[in-house]
Amino acid sequence: MRMKKLFLFCIVAGLSLTATAQDETPMERHSVSTNSFWGNWFLQANLAGSAFYSNTEAGLGYAKSPLKGFRNNLGLSVALGKWFTPGIGLRTKLTGIWGRSVISTDKDKNANKYWTLHEHVLLNLSNMFYGYSDTRVWNFIPYAGAGIGRNMSYNTYCIGLTAGLLNQFRLSRNVALNLDVSYGVYEPDFDGFVKQGPKVKRSSLTTKDHAFNVEFGITYNIGKATWKKTPDLDAIHALYQSEIDAINAQLADVMGENEQLREEVKRTYEPLDGPGMVKVVPPEPVRVSFFFERGKSDLTDVRQTVNLEALINQARVMDANLVVEGYADSDTGDATLNQELSQRRAESVAAELVRLGVPREKLTVVGKGGVNTLTPPEYNRRVIVYAE
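Residues numbered from 1 in each chain as written. Predicted model: local features only at pLDDT ≥ 70, side-chain atom pairs only at ≥ 80, totals over all residues. Heavy atoms only, no water.

Draft legend 1. Main features of the nonpolar core. One finds Phe 290, Leu 322, Val 324, Val 349, Leu 353 and Val 385 to be the most contacted residues of the largest nonpolar core, which totals 21 residues. Listed by contribution, the elements that provide at least two residues to this core are β11 (287–291), α7 (308–318), β12 (322–329), α8 (335–355), β13 (363–371) and β14 (382–387). Dropping the residues within four chain positions of it, Leu 322 is found in contact with Leu 311, Ile 312, Ala 315, Leu 353, Val 358, Lys 362, Leu 363, Thr 364, Tyr 386 and Ala 387. (Core = buried A, V, L, I, M, F, W, Y, C linked by side-chain atoms within 4.5 Å. Buried < 20%, exposed > 50% of the residue type's maximum accessible area, 1.4 Å probe, protein only. Helix = DSSP H or I, 4+ residues; strand = E, 2+ residues; numbered from the N terminus. Contact = heavy atoms within 4.5 Å.)

Right, here's the structure in full:
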């Protein structure tokens, strides 16, 4: 009965922990954007080596080594899980097929068939302590959970608790190797046999059945397998706040009603020598900057496009083209890669301008390669847009 209560408590605690972590710490500490419900699912398949310890062997002096043939056997496990944040996940795991009921030192006599089904709460300590990285080679993931088991050879059911350590070694974005080590505690009838005695306390660990598992296999991430980092907008705004202020000051009239636009155009004319001749004095050029993550060419935050509409309007008034210049950080990568990356970044912003209604023929798109003109180096990973 106590095991049943503990089993229910473990499930409730795991769900509560997941909800709390989703609402607070991981999103704030790791600065990632929330993925959809269908993102960050994974499948696992493992070959399992298991050593069994029966309550019936108490006092018989059997060797405790998990390598003894009378207590170990091979099996398989499969699991389906989901990461709700980079640090918190849930996993449903089915393990079993071949086991041992340790009632003797004869491995054939001990053989049985079984399965266990557990729900685990996963904690990725690598992401929680060192920050999220989608290229980290080794992830250190302890877990704990509860579930049920059935001994098919003896037609018995039981409740059990497990705790373990999942080590994942990245092979690619969607594939990782698993090394999973765990220990489980089950009710005394898990292996089909119960030690009898007038004063046996069922709550004692010595009266339980135990299993030690070492598993090796593969994890396959389904669909979106990574988390998109949320940029530090305060740092970005601090970098080009002066540019934003200049844009707002110079384009306030341009963003007004049509009448205000006409008045602004009139103020840009001055007379030339000769009757009826005028020349256009364009306003000071306005530049808009966009910043990118290392090695990436997609916009870190679409909110950066808030100033593009004003720049587009200015270009229309001036009948000017827009120049889109892409840059990379010369401190990372070679010149060829930086040239390609700067061009892709420029094309990414150009595509956004086209989406906003700018004809492609009114754009000049160029990659400038790697530079080191700004400090810190990550500020060189940018695209500049201006009217010409």
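Draft legend 2. Region of the structure containing the environment of Ser 342. Examined against the element boundaries, Ser 342 turns out to sit in helix α8. Accessibility expressed as a relative area gives 0% for Ser 342, which makes it buried. Residues Ser 342 and Gly 369 lie 27 residues apart in sequence; the distance between their C-alpha atoms is 5.3 Å. Look past the residues within four positions of Ser 342 in its chain and what remains in contact with it is Gly 326, Tyr 327, Ala 328, Gly 367, Lys 368 and Gly 369. A polar contact is formed between the side chain of Ser 342 and the backbone oxygen of Gln 339, at a distance of 2.8 Å. (Polar contact = N/O pair within 3.5 Å; in protein donor to acceptor, adjacent residues only side chain to side chain.)

Draft legend 3. Representation of the pairing of strand β1 (residues 41–53). Of the pairings in the sheet, the one linking β1 to strand β2 (residues 72–83) comprises 11 bridges and is antiparallel in character. Following the sheet pairing, Ala 51 is matched in β2 by Asn 72. Pairing between β1 and strand β8 (residues 209–222): 13 bridges, direction antiparallel. For Ser 50, the partnering residue across the bridge sits in β8 and is Asn 213. (Pairing = 2+ DSSP bridges.)

Draft legend 4. Up close: unusual backbone geometry. The residue Asn 40 is not glycine, and still its phi comes out positive at about 65 degrees. Inspection of the secondary structure assignment puts Asn 40 in the loop between α2 (25–30) and β1. On the accessibility criterion, Asn 40 (5% relative accessible area) is buried. A positive phi is found at Asn 155, a non-glycine position, where the angle reads about 55 degrees.

Draft legend 5. How the structure looks around α8. Between its terminal C-alpha atoms α8 stretches 30 Å, which fits the 30 Å expected from 21 residues at 1.5 Å a residue. Where α8 is concerned, the buried positions are Asn 338, Leu 341, Ser 342, Arg 345, Ala 346, Val 349, Ala 350, Glu 352 and Leu 353. Between the side-chain oxygen of the N-cap and the backbone nitrogen of Thr 336 there are 3.2 Å, and the N-cap of α8 in question is Asp 334. Once α8 ends, the next one or two residues include Gly 357, with phi positive near 110 degrees. (Expected span 1.5 Å × (residues − 1).)

Draft legend 6. Quick look at the environment of Ser 54. Assignment of secondary structure puts Ser 54 in the loop between β1 and β2. Among the residues examined, Ser 54 registers a relative accessible area of 6% and is labelled buried. Through-space distance from the C-alpha of Ser 54 to that of Thr 207 is 8.3 Å; in sequence the pair is 153 residues apart.

Draft legend 7. Looking closely at the sheet that holds β13. Taken in spatial order, the four strands line up as β11-β14-β12-β13 in an open sheet, and their pairing is mixed. Whereas interior strands pair on both sides, the edge strands pair on one side only; in this sheet they are β11 and β13. Taken pair by pair, the neighbouring strands of this sheet meet at an average axis angle of 20 degrees, ignoring direction. One ladder, built from five bridges, connects β11 with β14; its direction is antiparallel. (Axes fitted to C-alpha atoms, helices over the stretch in contact; angles between N-to-C directions.)

Draft legend 8. Inspection of the pattern of salt bridges at higher detail. Scanning the model with the defined rule gives 11 salt bridges in all. Where Lys 93 meets Asp 180, a salt bridge forms, and the shortest distance between an N and an O atom there is 3.2 Å. With Lys 93 in strand β3 (residues 88–100) and Asp 180 in strand β7 (residues 175–186), the pair connects residues that are 87 residues apart, well separated along the chain. By the burial criterion, Lys 93 is buried, and Asp 180 matches it. For Asp 329, the salt bridge identified is with Arg 381, shortest N-O distance 3.2 Å. Note that Asp 329 is positioned in strand β12 and Arg 381 in the loop between β13 and β14, a separation of 52 residues in sequence. A residue is classified by how much of its surface remains accessible, and Arg 381, at 12% relative accessible area, is buried. When salt bridges with common partners are traced through the structure, they connect Arg 91, Lys 93, Asp 180 and Glu 215 into a single cluster. (Salt bridge = Lys/Arg side-chain N within 4 Å of Asp/Glu carboxyl O.)

Draft legend 9. Representation of the packing of aromatic side chains. Per the counting criterion, the structure on display carries 10 aromatic pairs. For the ring pair Phe 37 and Trp 41, a centre distance of 5.6 Å and an interplane angle of 75 degrees mean the geometry is edge-to-face. Look at Phe 37 and you get partly exposed, because its relative accessible area is 49%. Note on Tyr 186 and Phe 190: the rings are 4.3 Å apart at their centroids and 15 degrees apart in plane angle, and the pair reads as stacked. You can call Tyr 186 buried: its relative accessible area is 3%. Among the residues examined, Phe 190 registers a relative accessible area of 4% and is labelled buried. One aromatic cluster in this structure is built from Phe 52, Tyr 114, Tyr 186 and Phe 190. For the cation-ring pair, Lys 82 lies above Phe 37, with the distance from its terminal atom to the ring centre recorded as 5.6 Å. (Phe/Tyr/Trp six-rings, centres within 6.5 Å; stacked < 30°, edge-to-face > 60°. Lys NZ or Arg CZ within 6 Å of the ring centre and 35° of its normal.)

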